[in-house]
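Each chain, written out:
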Amino acid sequence: MMNNLFFRKRTLRYEQLAQRQLLTAMSILPSPPTAAAAGEGETASVEQQGQRVTIIGSDNDDTIELILGETTHQLTVNGDSTTYAAAETSEFVVRGDAGNDSVSISGTTRNESVQLADGRLELASDSYNVEVTLVEDINVTSGGGSDRAVLFDTEGDDVLNLLPDSANFQDASGNQV
């Protein structure tokens, strides 16, 4: 015998809900400024204000190397080197400009955290921070410690090569990130 409950005619009702706003996710890394906002020029500039050292690239291909240390930090921009006391320098901001720029950063034995995205990097430890934007090739070398790296891919086909002692991450254009 069949149960009549399954065959009852039902009326659907609905009520309109109040308007709602939906939250969206966004990148934790800021969008890089345009080349015009970073400053255009024929030579790269280096300026220290308090604990912050700002490097703005030139219109040409710039090579920037930063060796972080426990007592000093060594910065080389297009062959010109400067040493900064670690106690007096806690932040480096690098903004490439036009050209095919490259940045190499060597860490310390401290625990460091690195976030890499297309042309951008944020490196942090308990005593210094490094921010890099508008740079085509970025290379980071660990100095030891318990380091952490987070990689954000691009919309294109990216390549990540992991080896026992190194990793290489290239975007769809072949730029090393």
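Here we summarise the structure given alongside this text. (Residues numbered from 1 in each chain as written. Predicted model: local features only at pLDDT ≥ 70, side-chain atom pairs only at ≥ 80, totals over all residues. Heavy atoms only, no water.)

**Thoughts on the sheet that holds strand β2 (residues 52-56)**
How we decide: Two strands make a pair as long as DSSP finds a minimum of two bridges between them. Only DSSP runs of H or I reaching four residues or more are called helices, and only runs of E reaching two or more are called strands; each is numbered from the N terminus. Helix axes are fitted to C-alpha atoms over the stretch in contact, other axes to C-alpha atoms as well, and angles between N-to-C directions run from 0 to 180 degrees.
A sheet is described by the order of its strands in space; here 7 strands give the open sequence β1-β2-β6-β10-β9-β8-β12, paired in mixed fashion. Sheet topology places β1 (45-49) and β12 (148-151) at the edges, where each strand pairs with a single neighbour. Adjacent strand axes in the sheet meet at a mean angle of 10° when their direction is disregarded. Two strands pair when backbone bridges link them, and strand β6 (residues 91-95) and strand β10 (residues 129-133) are joined in this way by 5 bridges, in the parallel orientation.

**Concerning the sheet that holds strand β4 (residues 72-77)**
In spatial order, the strands read β5-β4-β3-β7-β11; together these 5 strands make up an open sheet with mixed pairing. The open sheet has two edge strands with one neighbour each: β5 (80-85) and β11 (137-141). Strand-to-strand twist in this sheet, taken as the mean axis angle between neighbours without regard to direction, amounts to 10°. One ladder, built from 5 bridges, connects strand β7 (residues 102-106) with β11; its direction is parallel. Bridge pairing links Val-103 to Ile-138 in β11.

**Concerning unusual backbone geometry**
Generally, phi is negative for residues other than glycine and the peptide bonds are trans, each holding for most cases. Heads up, the condition is: Three labels apply to residues, based on accessible area from a 1.4 Å probe with only protein chains included: buried if under 20% of the type maximum, exposed if over 50%, partly exposed otherwise in between.
The backbone phi angle of Asn-78 is positive, close to 50°, even though this residue is not glycine. You can see Asn-78 is positioned in the loop between β4 and β5. Here the phi dihedral of Leu-134 falls at roughly 55°; this positive angle occurs in a residue that is not glycine. Judged by its relative accessible area of 21%, Leu-134 is partly exposed.

**Re the nonpolar core**
What counts here: Only buried residues count toward a nonpolar core. Its members are Ala, Val, Leu, Ile, Met, Phe, Trp, Tyr and Cys residues joined through side-chain atoms within 4.5 Å. By the convention used here, residues are in contact when the closest approach between their heavy atoms is within 4.5 Å.
Residues Ile-105, Leu-121, Val-130 and Val-132 are the most contacted members of the largest nonpolar core, which totals 21 residues. Among residues more than four places away in sequence, those in contact with Val-132 are Val-94, Val-103, Ile-105, Gly-119, Arg-120, Leu-121 and Ile-138.

**Overview of the environment of Glu-112**
To be explicit about the condition: Any N or O atom pair separated by 3.5 Å or less is treated as a polar contact, with the protein-specific requirement of one donor-capable and one acceptor-capable atom, and with residues adjacent in sequence counted only for side-chain atom pairs.
Relative to the assigned elements, Glu-112 resides in the loop between β7 and β8 (113-117). Along the backbone, Glu-112 and Gly-143 are 31 residues apart, and their C-alpha atoms lie at a distance of 9.2 Å. Those residues in contact with Glu-112 that lie beyond four places of it in its chain are Gly-107, Ala-124, Ser-125, Tyr-128, Ser-146, Asp-147 and Arg-148. Separated by 2.2 Å, the side chains of Glu-112 and Tyr-128 make a polar contact.

**So, a nonpolar patch on the surface**
To be explicit about the condition: Residues enter patches when their relative accessible area tops 30% and they take part in no salt bridge; the joining distance is 9 Å for like charges and 5 Å for the nonpolar side chains Val, Leu, Ile, Met, Phe, Trp and Tyr. Exposure was quantified through the Shrake-Rupley algorithm and a 1.4 Å probe, taking into account, for residues, occlusion by the shown protein chains and nothing else. Any carboxyl oxygen of Asp or Glu within 4 Å of a side-chain nitrogen of Lys or Arg constitutes a salt bridge here.
A surface patch of nonpolar side chains, amounting to about 280 Å² of accessible area, comprises Leu-151, Leu-160 and Leu-162. Tracing the chain through its elements places Leu-162 in strand β13 (residues 159-163).

**Regarding the packing of aromatic side chains**
As a reminder, the rule being used: Aromatic contacts are taken between Phe, Tyr and Trp rings whose centres are within 6.5 Å, Trp giving its six-membered ring; a plane angle under 30 degrees counts as stacked, one over 60 as edge-to-face, and the others as tilted.
Summed over all chains, the structure comprises 1 aromatic pair. Judged by centre distance (5.9 Å) and plane angle (75°), the ring pair of Tyr-84 and Phe-92 falls under edge-to-face. Both residues of the pair, Tyr-84 and Phe-92, count as buried.

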